[in-house]
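# Understanding the architecture of this molecule
One letter stands for each residue in the lines below.
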Amino acid sequence: MTAAASDNLGFIPAFPARHERRLPLLQLLKTLRENAIGTYTQDAFERDIIIYRLGFKPMILANHPDLIRHVMLDNAANYERDPVGKRLLEPGLGKGLLTSEGAEWKRQRRMMAPIFQPRRLAGFAAIMTDYSERLARKLAALPPTCHVDMAEQMMLLTLDVIARTMFGSDDGTDVSAVGEAMDRYQATVRPNIPDLIGLPRWVPRPAAAEGQRALAEMDAIINGLIQRRRERAELGNDLLGLLLAARDDETGAALDDREVRDQMATFFLAGHETTATTLAWTWYLLSHAPQVEAKLHAELDTVLGGRAATNADYDKLIYTRMVLEEAMRLYPPAHTTARQAMAEDRFGDIAIPPGTMVIISPYIMHRHRLYWQNPDAFDPENFAPEKAAQRRRYTYLPFGAGPRICIGQGFAMIEAVLILATLAQKLRARLVPGAKVAPVAKITLRPSPGLPMTIQPR
Ligand code: HEM
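Residues numbered from 1 in each chain as written. Predicted model: local features only at pLDDT ≥ 70, side-chain atom pairs only at ≥ 80, totals over all residues.

## Focus: the site of the ligand
Selection rule: Residue proximity rests on one test: whether the C-beta atom, placed from the backbone, lies within 6 Å of the molecule or strand. Under the DSSP-based scheme used, a helix requires at least four consecutive residues in state H or I and a strand at least two consecutive residues in state E, with every element numbered from the N terminus. Following the grouping adopted for this structure description, the nonpolar residues are Ala, Val, Leu, Ile, Met, Phe, Trp, Tyr, Cys and Pro, the charged ones are Asp, Glu, Lys and Arg, and the polar ones are all others, Gly among them.
Neighbouring the ligand are 23 residues; Gly271, Thr274, Gly400, Cys406 and Gly408 lie closest to it. Elements represented by at least two residues in the shell around the ligand include exactly helix H11 (257-271), helix H12 (273-288) and helix H17 (409-426). In terms of residues, the shell around the ligand owes the most to one element, H11, which gives 4 residues. Among the residues forming the shell around the ligand, the class breakdown is 12 nonpolar, 8 polar and 3 charged.

Shown next, in the form of structure tokens:
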């Protein structure tokens, strides 16, 4: 479906066609690898629980808030992160926070939590605005006819931010090379058909040679950074320093080099593309909704009045946040997550045998007919404080839920608000007329083939 405007519903941004019937297996597998959200049937957006099989795997599509709560919170101990996702990510992330389970995950989460406290995040805000100001100046100086890919710009910006927050205390090393290598590795990560249909582990899975090369490059730089930092008297206040200083409060143990490396790779992968796509979709949506944009500008003019945004402005930039939250509703960067039942379980009348995959799709939940009015329309008022307070829990899940909720949520929201505020204060971005943009679900939900825009200074 293409983007269209309607006076009654507001702007209806692009989304892939929904099928009447389930796709035949081969087409389903092909589409799953190319664009997971292009596989959905219309009834997935209308029914609350759908039970089916994919190859050898029993599956449940959980669109019921109580089932989501059951799997992600109340009985979370019985549900591990899905093995397809873990097998995809493990070659790059090792046993970091995203890919570990059980007691090992608990220990890591305990050690990481203090690093993401608001007090720490405040220290990173200056880096976020500093890089945004530089980009705003660069973009505002472009000739009005110049086409710029705002999706790529957002990716480069959040890459700079994560690199500086991670290794800011290191001068000299080209830390952006870590991000570039991670991006090249990520581009090779796609679900394997044997994994998708649940074939046993001894069935060979092809590994992308380019992905292996990119990983080796990334590891060489990260390991060098860790070694040099350990030799310094001061560990530093960036994420690397905080990771090296982290201690398990139960045992007093620190992370070893391999663990530090795995967490760094995890933060890179989990922490920049997600925020970048949130911002990219926001520019796309604003480009089609001048009234929303005018309201955003009014807030920025009142709160900031032309000065640079700081961490202290975050709580006052309420509409800025509403716009971003609505962008993540329509285009949740982490579009799908899944859990596998370890032991037999039940939800009401439904038996959940061990090995069942429970699919939880923020993309579907955020556009579900049972929980949203005009679900496909762009309307930041969905997140007006009084409306948000009435919303049923577990229907809006851009950061997940339960004990494995995104640890970087606070970081991401501060970053997205400060970047949007800084850039929107200085410029408008308009989609190039005739450009066709569609959401494509890879690791994150990206605008494809990119976001060609022109820039107007304001
Ligand atoms: C808009 C930006 C972001 C979005 C939408 C997002 C979304 C998510 C979601 C949905 C999960 C849970 C996945 C699941 O339950 O299977 C998650 C987990 C995680 N995220 Fe984020 N994330 C964002 C930014 C970040 C940032 C900035 C960082 C770090 C700097 C980060 C680090 C992580 C980590 C380490 C986990 C695993 C947590 C655990 O399993 O304990 N994320 N994220």
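Let's pick the thread back up.
## Quick look at the packing of helix H5 (residues 118-140) against H17
Our working rule: Every axis in this analysis is a line fitted to C-alpha atoms, fitted for helices over the stretch in contact. Angles between the N-to-C directions lie between 0 and 180 degrees. An angle below 35 degrees is treated as roughly parallel, one above 145 as roughly antiparallel, one from 65 to 115 as roughly perpendicular, and anything else as oblique. Definitions for this section: a left-handed crossing has its near helix turned counterclockwise from the far helix by less than a right angle. A right-handed crossing has that turn clockwise. Residues are treated as contacting if the C-beta atoms built from their backbones sit within 7 Å of each other.
Their axes nearest at 8 Å, the elements H5 and H17 cross at an angle of 30°. Looking at the two axes, H5 sits roughly parallel to H17. Between H5 and H17 the crossing geometry is right-handed. Along the contact surface, H5 presents Pro118, Leu121, Phe124, Ala125, Met128, Thr129, Ser132, Glu133, Leu135, Ala136 and Ala140, while H17 presents Gly410, Phe411, Ile414, Glu415, Leu418, Ile419, Thr422, Leu423 and Lys426. Looking at the contact of H5 with H17, its residues break down into 13 nonpolar, 4 polar and 3 charged.

## A short note on the environment of Glu293
If you trace the backbone, Glu293 turns up in helix H13 (residues 290-303). Excluding its chain neighbours within four sequence positions, the residues that come into contact with Glu293 are Leu286 and Arg428.

## Quick look at the UniProt feature "binding site: heme" (unreviewed entry) in the protein
Spelled out, the test is: UniProt positions are given in the numbering used here, feature names are shortened, and annotations may be inferred rather than shown by experiment.
The UniProt record annotates "binding site: heme" (unreviewed entry) at Cys406. Along the chain, Cys406 falls in the loop between helix H16 (385-390) and H17. Once you skip the residues sitting within four places of it in the chain, Cys406 turns out to touch Phe399 and Gly400.

## Some thoughts on H17
Filter applied, for reference: Any helix carries an expected span of 1.5 Å times its number of residues minus one. With C-beta atoms placed from the backbone, a residue is buried if 20 or more other C-beta atoms are within 10 Å of its own, exposed if 12 or fewer are, and partly exposed between those counts.
Taking 1.5 Å per residue as the helical rise, H17 with its 18 residues ought to reach 26 Å, and the 26 Å between its terminal C-alpha atoms agrees with that figure. When you tally the buried positions in H17, you get 14 out of 18 residues, the bulk of the element.

## Some remarks on the sheet that holds strand S11 (residues 427-431)
Strand pairing within a sheet occurs via backbone hydrogen bonds; the two strands may be parallel or antiparallel. To keep things clear, this is the line we draw: Whether two strands pair comes down to DSSP finding at least two bridges between them.
The 3 strands are arranged S6-S14-S11 in an open sheet whose pairing can be described as antiparallel. Unpaired on one side and paired on the other, strand S6 (148-149) and S11 mark the two borders of the sheet. Note: S11 against strand S14 (residues 452-457), 5 bridges, orientation antiparallel. Counted as the bridge partner of Arg430 is Thr454 from S14.

## A few points about the pairing of strand S7 (residues 337-341)
With 3 bridges joining them, strand S5 (residues 79-81) and S7 adopt antiparallel strand pairing. Paired with Glu80 across the two strands is Gln340, which belongs to S7.

## Considerations on the nonpolar core
What counts, and what does not: In this usage, the nonpolar core is the set of buried Ala, Val, Leu, Ile, Met, Phe, Trp, Tyr and Cys residues whose C-beta atoms join them within 7 Å.
Grouped together as the largest cluster of nonpolar side chains are 118 residues, with contacts concentrated most on Ala62, Ala280, Trp283, Val358, Val417 and Leu420. The contacts of Trp283, once residues within four sequence positions are left out, are Met150, Ala429, Leu451 and Met453.

## Considering the sheet that holds S5
Read from one edge to the other, the open sheet built from 5 strands follows the order S3-S4-S10-S7-S5, with strand pairing classed as mixed. Each end of this open sheet is capped by a strand with a single partner; those strands are strand S3 (49-54) and S5. In this sheet, neighbouring strand axes are inclined to one another by 30° on average, regardless of whether the strands run parallel or antiparallel. With 3 bridges connecting them, strand S4 (residues 57-62) and strand S10 (residues 357-360) associate as parallel partners. Residue pairing across strands places Met59 opposite Met357, the latter belonging to S10.

## A look at the environment of Arg184
On the secondary structure map, Arg184 appears in helix H7 (residues 176-187). In this structure Arg184 comes out as partly exposed when scored by C-beta crowding, with 17 C-beta atoms within 10 Å. Excluding residues within four positions of it along the chain, Arg184 makes contact with Glu210 and Ala214.

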